[in-house]
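# Structural features, examined
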Amino acid sequence: MMKRIVLYSFLWLAAFLPAVAQTAKADVKALMKRVADWQMAHPNAGAEHDDLDWTHAALYMGMVDWAELTEREDGDSSYYEWLLRIGRRNHFQVGKWMYHADFIAVGQPFIDLYLKYGDKKMVAPVMARANWVVENPAGTTLELDYARPETLDRWSWCDALFMAPPVYAKLYALTGNKKYLDFLNREYKATYDYLYDREEHLFYRDCRYFDKREANGEKVFWGRGNGWVLGGLAEILRALPADEPSRDFYRRLFVALATRVAALQSPDGYWHASLLDPASYPSPETSATGFIVYALAYGVNHGLLDKAAFRPVIEKGWKALAMAVEEDGKLGYVQPIGADPRKVTREMTEVYGVGAFLMAGCEICEMIEK
């Protein structure tokens with residue numbers, strides 16, 4: 001009789017657990033829908049940006065992930081339609097500056113749309129830009145004075161590692177042409193050698209911060225800056241073929257940076273504007289937190305990070321992000337455009353913060369199912 005009770009209890013629990021997971025996933029999706037719909041209804045919230053700006057590139061990347069999830073699971077193609085309208089009215093062009101990483105970032109979601117729809121017009125402009133840059137590499141050095149505009153012809157600031165490298169990884173995966181991979185590896189490793197602090201295992205934002213210190217005497221490592229790098233690494237790893245030998249460099253860097261950043265999570269679940277001096281910037285910061293949660297969850301979902309060690313960090317981070325969403329769906333506590341830690345308030349929002357939130361939420365949904 002006792003064995004039968006235990007068996008029935010086990011069967012009940014086995015039947016109940018998937019229902020709990022499904023409910024949790026439904027809650028995550030409902031929150032994501034509120035945030036995505038609010039952003040679509042308030043396109044100029046935070047600040048007005050050009051459709052092809054890097055700020056919108058980050059938003060579109062989150063929207064592509066969300067569109068894929070909602071179409072697959074709910075038969076809702078409205079988010080894809082929203083993305084297509086934006087692409088078509090801009091003829092799927094990229095930004096104006098030939099070398100600047102920010103101006104090719106929008107090519108990432110356009111490549112993703114091409115992979116879904118197969119329309120060459122969606123990928124031709126970004127491929128043309130990448131081809132020109134690869135065949136006419138910038139002749140500048142990373143060690144230039146950052147005040148000089150030509151220093152931006154190379155990936156001389158850590159944000160750039162989210163904006164441009166995944167484009168070349170995706171084009172290599174799409175075409176098999178090694179020129180994209182060779183350019184990616186050469187330029188990425190140059191920036192890594194220049195901006196990565198091997199003692200702290202974190203990235204400086206740019207050369208201006210090498211000798212600066214926070215109020216507590218620690219080095220200056222910007223939360224969102226390192227979130228940009230982690231998110232970009234996740235995108236590169238997602239794109240590169242599993243058997244590509246050079247992938248190992250990005251995998252090892254991803255694990256090292258993820259491990260370091262996870263240990264810097266604040267008790268409130270957020271990663272603050274300053275990673276090593278959160279007390280000087282005590283308010284939440286959702287763009288850094290969003291990109292970091294996205295990357296960590298991607299790492300767990302794809303076997304790159306230990307589930308037992310990282311899942312509590314991820315869940316705590318997602319809970320913190322959810323607390324920053326207003327009832328109407330506005331995501332708050334997004335640090336405005338900048339290059340270093342700054343104070344943030346709840347009413348601050350920006351499109352790239354929403355993109356990070358949606359990217360994180362899609363990985364959370366996948367993690368719930370595992």
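Since this is a predicted model, take the numbers as computed values, not measurements.

When its secondary structure is counted, the protein chain shows 13 helices and two strands. Considering the protein chain as a whole, with its 370 residues, one finds that 58% of them fall into the buried category. The long-range fraction of contacts in the protein chain, counting pairs at least 24 apart against all pairs at least 6 apart in sequence, stands at 69%. Split by element, the accessible area of the protein chain, about 15,500 Å² in all, is 55% carbon and sulfur. Computing the positive centroid from 43 side-chain charges and the negative centroid from 50, the protein chain places the two 4 Å apart.

With 16 residues, helix α11 (residues 286-301) ought to run about 22 Å at 1.5 Å a step, and its terminal C-alpha atoms sit 22 Å apart, in line with that. Extensive coverage of α11 is indicated by the burial of 16 of its 16 residues. Positive phi appears at G303, one or two residues downstream of α11, with a value of about 75°.

Here the focus is unusual backbone geometry. What is expected of a backbone is that most residues other than glycine have negative phi and most peptide bonds are trans. The backbone of H201 sits at a positive phi, close to 60°, despite the residue not being glycine. Along the chain, the position of H201 falls in the loop between β1 (196-197) and β2 (202-203). One non-glycine residue, Y333, lies in positive phi territory at about 60°. Inspection of the secondary structure assignment puts Y333 in the loop between α12 (307-323) and α13 (351-369).

Here helix α9 (residues 223-239) crosses helix α10 (residues 247-262) at 145°, and the two axes come no closer than 10 Å. Crossing of α9 over α10 shows left-handed handedness. Here α9 contributes N226, V229, L230, L233, A234, I236 and L237 to the contact with α10, which in turn contributes R247, Y250, R251, L253, F254, L257, A258 and V261. Counted by class, the contact of α9 with α10 contains 12 nonpolar, one polar and two charged residues.

With that out of the way, let us pick up the nonpolar core. Y168, Y188, F203, F254, L296 and F357 are the most contacted members of the largest nonpolar core, which has 131 residues in total. Ranked by residues supplied to this core, first place goes to α13 with 13 residues. Discounting residues that sit within four places of it in the chain, F357 has contacts with L31, M32, V35, W318, L321, V325 and L331.

If you check helix α2 (residues 54-74), its first and last C-alpha atoms are 29 Å apart, about what 21 residues at 1.5 Å a residue would give, namely 30 Å. Along α2, 15 of the 21 residues are buried, which leaves the element largely enclosed by surrounding structure. One or two steps after α2, the chain reaches G75, where phi turns positive at roughly 70°.

On to the packing of α2 against helix α4 (residues 107-117), then. Between α2 and α4, the least distance of the axes is 8 Å, while the angle of their chain directions is 25°. In this view, α2 runs roughly parallel relative to α4, as classed from their interaxial angle. Seen from α2, the contacting residues are A57, Y60, M61, V64 and E71; seen from α4, they are Q108, P109, D112 and K116. A breakdown of the residues in the contact of α2 with α4 according to their chemical character gives five nonpolar, one polar and three charged.

With that out of the way, let us pick up the environment of K33. Inspection of the secondary structure assignment puts K33 in helix α1 (residues 2-41). Judged by its relative accessible area of 39%, K33 is partly exposed. As for K33 and L358, which are separated by 325 residues in sequence, their C-alpha atoms are 9.0 Å apart. In this structure, K33 is in contact with W66 and Y79, ignoring residues within four places of it in sequence. Among the polar contacts listed, one links the side chain of K33 to the side chain of Y79, at a separation of 3.3 Å.

Right, let's get into the packing of aromatic side chains. Following the criterion strictly, the structure yields 27 aromatic pairs and no others. Measuring from centroid to centroid gives 6.0 Å for Y80 and Y117, while their planes differ by 85°, and the two rings are edge-to-face. One end of the pair, Y80, is in helix α3 (residues 78-89); the other, Y117, is in helix α4, and 37 residues separate them in sequence. Ring geometry for F162 against W228: centres 4.9 Å apart, planes inclined by 50°, an arrangement best described as tilted.

Moving on: the state of the cysteines. Overall, the coordinates contain zero disulfides when judged by the stated rule. C207 supplies the cysteine sulfur nearest to C158, a cysteine that is in no disulfide, at a spacing of 12 Å. Relative accessible area serves as the criterion here: at 0%, C158 is assigned to the buried category.

Looking at the protein chain, pLDDT values average 93 and 94% of them are 70 or higher. Low pLDDT (under 50) marks residues 1-20, which in the prediction has zero contacts with non-local residues, meaning those over four places away or in another chain.

Okay, the pattern of salt bridges next. With the rule as written, the count across this model stands at 31 salt bridges. When the shortest N-O distance is used, the salt bridge between D119 and K121 registers 3.3 Å. A relative accessible area of 26% means that D119 is categorised as partly exposed. Notably, a salt bridge pairs E135 with K179, separated by 3.1 Å at the nearest N-O pair.

This paragraph deals with the side chain of K29. As for its placement among the helices and strands, K29 is situated in helix α1. For K29, a relative accessible area of 12% gives the class buried. Engagement of the side chain of K29 in a polar contact is seen with the side chain of E73, the distance being 2.9 Å. The contacts of K29, once residues within four sequence positions are left out, are W66, L69, E73, D74 and C365.

Cut-offs used in this document
- Residues numbered from 1 in each chain as written.
- Predicted model: local features only at pLDDT ≥ 70, side-chain atom pairs only at ≥ 80, totals over all residues.
- Heavy atoms only, no water.
- Helix = DSSP H or I, 4+ residues; strand = E, 2+ residues; numbered from the N terminus.
- Buried < 20%, exposed > 50% of the residue type's maximum accessible area, 1.4 Å probe, protein only.
- Contact = heavy atoms within 4.5 Å.
- Areas by Shrake-Rupley, 256 points an atom, 1.4 Å probe, with all protein chains shown as cover.
- Lys, Arg positive; Asp, Glu negative; His and termini not counted.
- Charge placed at Lys NZ, Arg CZ, Asp CG, Glu CD.
- Expected span 1.5 Å × (residues − 1).
- Axes fitted to C-alpha atoms, helices over the stretch in contact; angles between N-to-C directions.
- Left-handed = near helix turned anticlockwise from the far one by under 90°.
- Nonpolar A, V, L, I, M, F, W, Y, C, P; charged D, E, K, R; others polar.
- Core = buried A, V, L, I, M, F, W, Y, C linked by side-chain atoms within 4.5 Å.
- Parallel < 35°, antiparallel > 145°, perpendicular 65-115°, else oblique.
- Polar contact = N/O pair within 3.5 Å; in protein donor to acceptor, adjacent residues only side chain to side chain.
- Phe/Tyr/Trp six-rings, centres within 6.5 Å; stacked < 30°, edge-to-face > 60°.
- Disulfide = S-S within 2.5 Å.
- pLDDT = per-residue confidence, 0-100.
- Salt bridge = Lys/Arg side-chain N within 4 Å of Asp/Glu carboxyl O.

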